[in-house]
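# Structure assessment
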Amino acid sequence: METSFNSATPPRSTQLLFLLIIPFLYTLTWPCTAAAAEELLKGFEATPNPSISSFQPLLNDSSGKFSFGFLLVNSTQLALAVLHVPSSEPLWIVNSTTLSRWSDRTQVFFNGSLVISDPQTRTFWSTQTQGDKLVLLNNSNLQIQKGLDDSDNVPTVLWQSFDHPTNTLVETQNFTSTMTLVSSNGLYSMRLGNNFIGLYAKFDSSHDQIYWKHKALQARAQIVEGGGPIHLRVDPDGWLGMYQNETAPVDVESFNSFQRTLDGLLMVRLEPDGNLKAYYWSGSTWVLDYQAISDTCDLPSPCGSYGLCTPGTGCSCLDNSTEFSSGECPGSGSYSTDLCADPKTQNDTKVLRREGVDVPPFKELMRYETMPSLEECENTCERNCSCYGAVYNNASGFCYILDYPIQTLLGTGDDSKVGYFKIREGAKKKRMDPGLGVGIGLLGAALLCLVGAIGFGSYKIWMNKRRVNRMLEEETGGAMSGPYKDLGSASFKSIEMCTVTATASHR
């Protein structure tokens with residue numbers, strides 16, 4: 001049948017064409033699918049595009065190596081980030097307390113301030129500036145600029161991402177005494193002292209434990225008291241410099257690429273295991289260039305809570321009876337708060353003793369007291385609710401007080417070093433895997449249903465047999481006998497089986 005062009009119904013081919021074109025036109029009108037700009041001016045607005053699977057660029061630098069935009073996190077959340085485009089590696093992320101949703105209700109705009117707003121999660125972050133434009137420099141620094149300075153005819157910088165680092169420093173970026181570098185899991189941080197770089201672990205909410213300290217050697221220049229705070233800078237020639245002023249560094253921490261010409265980007269990052277590492281981009285991958293802590297057992301907690309790290313052997317558990325294959329030891333996560341805050345924990349607390357253990361390699365940075373005996377060291381910890389454990393050295397008499405939840409201890413062959421640790425009684429018993437518990441429950445329910453079905457079927461068979469026997473007795477006037485007795489019984493069994501099968505099929 002031919003279709004008339006005058007017909008009110010469009011031809012099927014035309015309908016198909018519309019179905020293909022309309023979604024395409026719709027995507028062109030989406031506010032975020034346009035190519036990223038090289039500067040954002042007042043009035044800019046953007047929302048996440050639902051078709052994006054990882055990163056949605058909003059602003060690029062002139063070289064094309066860096067991009068600022070929406071970063072998809074945990075499949076459903078959003079963060080504002082600066083990425084290294086060749087590797088898709090985030091170099092900077094907005095330090096908002098909560099992440100926004102990847103939703104069309106989440107909005108980013110520039111009105112003189114860079115603002116991200118998500119009304120549903122009540123996320124709101126702003127630079128609180130009155131600038132003219134937002135630009136991304138060729139070193140990955142995101143800046144809000146205003147006008148031109150009359151003296152040197154350059155824009156005034158009101159805000160920049162280099163002043164608010166997250167877990168990464170890139171070459172030429174300054175790190176001052178007012179800044180903090182924080183690992184992506186929030187457990188470790190880097191800060192500057194008056195003459196040193198310090199790495200800190202947040203083992204509990206009350207205080208940070210320093211576990212690595214690098215003091216300025218002051219070989220090229222001296223730190224002048226009252227001359228101002230020190231700062232760090234990643235040098236493109238392959239070293240981390242510590243400065244008090246710009247004349248000469250007071251310390252140089254050299255990388256493997258020291259004084260070598262590199263074409264790729266150089267960065268320093270505080271990793272989730274607490275190590276400070278440097279990398280350079282080779283053109284295809286990130287190459288390790290430096291690490292502050294070279295031995296795994298020297299890390300702040302390589303084997304987790306109540307773990308034992310033995311050089312050359314690896315991880316085990318303090319209780320000496322649990323396999324570390326699961327990556328978790330008994331007692332892990334036993335105390336989420338200070339022991340003093342919950343009196344009930346005192347009743348549940350038991351003691352774990354272990355010979356041949358030592359405090360972590362950063363013991364020179366820990367608190368200790370000299371005591372005449374192991375018993376006195378243990379009693380001191382037992383009476384103190386803020387003490388989670390202690391390690392006593394019988395040779396030196398040093399009693400190291402662990403005033404934070406027990407982390408990884410160091411395994412040694414020296415039995416004169418004895419550990420005393422508080423642990424909850426329930427924590428010694430290995431918890432059942434929730435998945436295994438659910439599986440056992442389902443299996444039990446299935447067995448119960450099977451037993452019920454067998455019982456019901458047996459009851460039906462018994463009732464049918466009884467009814468047939470009664471009918472036969474009424475017809476014969478008594479029980480069957482003679483040569484037909486076994487034949488009749490077999491026939492009835494066949495009838496009973498068929499009855500049960502038919503019943504089951506109808507059910």
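In the annotation of an unreviewed UniProt entry, the entry for the protein chain reads Apple domain-containing protein, and the organism field reads Hibiscus sabdariffa.

In this section: the state of the cysteines. Scanning the entire structure with this criterion turns up 5 disulfides. Linked covalently through their sulfurs, cysteine 297 and cysteine 309 form a disulfide whose S-S length is 2.0 Å. Of note, the bridge from cysteine 297 to cysteine 309 carries an S-S torsion of about -80° and is left-handed in sense. Residue cysteine 297 is located in the loop between β25 (286–291) and β26 (307–310), and its partner cysteine 309 is located in strand β26; the two are separated by 12 residues in the primary sequence. The burial state of cysteine 297 is the same as that of cysteine 309; both residues are buried. Put simply, cysteine 377 and cysteine 399 are joined by a disulfide, and their sulfur atoms are 2.0 Å apart.

So, about the nonpolar core. Counting 56 residues, the largest nonpolar core has Met190, Tyr211, Leu318 and Phe421 as its most contacted members. Judged by nonpolar contacts, the second largest core, of 31 residues, contains Phe66, Leu91, Trp92 and Leu142.

With 72% of its residues at a pLDDT of at least 70, the protein chain reaches an overall mean of 80. Overall, residues 427–440 carries pLDDT values under 50, and its contacts beyond four positions in sequence, including any with other chains, amount to 10 contacts. The low-confidence segment residues 474–507, where pLDDT is below 50, has 16 contacts with residues more than four positions distant or belonging to other chains.

A separate point is the sheet that holds strand β8 (residues 107–110). Reading across from one edge, β2-β8-β9-β10 is the order of the 4 strands in this open sheet, with antiparallel pairing throughout. The open sheet has two free edges, formed respectively by β2 (44–46) and β10 (123–126), since each of these has just one partner strand. For this sheet the average axis-to-axis angle between neighbouring strands, irrespective of direction, equals 10°. Two strands pair when backbone bridges link them, and strand β9 (residues 114–118) and β10 are joined in this way by 4 bridges, in the antiparallel orientation. Paired with valine 115 across the strands is serine 126, a residue of β10.

Conventions used here
The residue count restarts for each chain, going from 1 along the sequence in the order it is written. Only residues with pLDDT of 70 or above have their local features reported here, since the model is predicted, and side-chain atom pairs are shown and tallied only from 80 upward, although totals for entire chains, interfaces and linings are computed over all residues. Here the side-chain values reflect all heavy atoms present in the structure, with hydrogen atoms and water set aside. Two cysteine sulfurs form what is called a disulfide whenever their separation falls within 2.5 Å. Per the convention used, a helix needs a DSSP run of H or I reaching at least four residues, while a strand needs a run of E reaching at least two, with both numbered from the N terminus. Burial classes: relative accessible area under 20% of the type maximum marks a residue as buried, over 50% as exposed, and values in between as partly exposed (1.4 Å probe, protein chains only). For our purposes a nonpolar core is just a set of buried Ala, Val, Leu, Ile, Met, Phe, Trp, Tyr and Cys residues, chained together by side-chain atoms within 4.5 Å. Values of pLDDT, ranging from 0 to 100, describe the predictor's confidence in every residue of the model. The contact criterion used is simple: two residues touch if any of their non-hydrogen atoms lie within 4.5 Å. For two strands to be treated as a pair, DSSP must find no fewer than two bridges joining them. Angular values range over 0 to 180 degrees, each being the angle between N-to-C directions of two axes fitted as lines to C-alpha atoms, with helices fitted over their stretch in contact.

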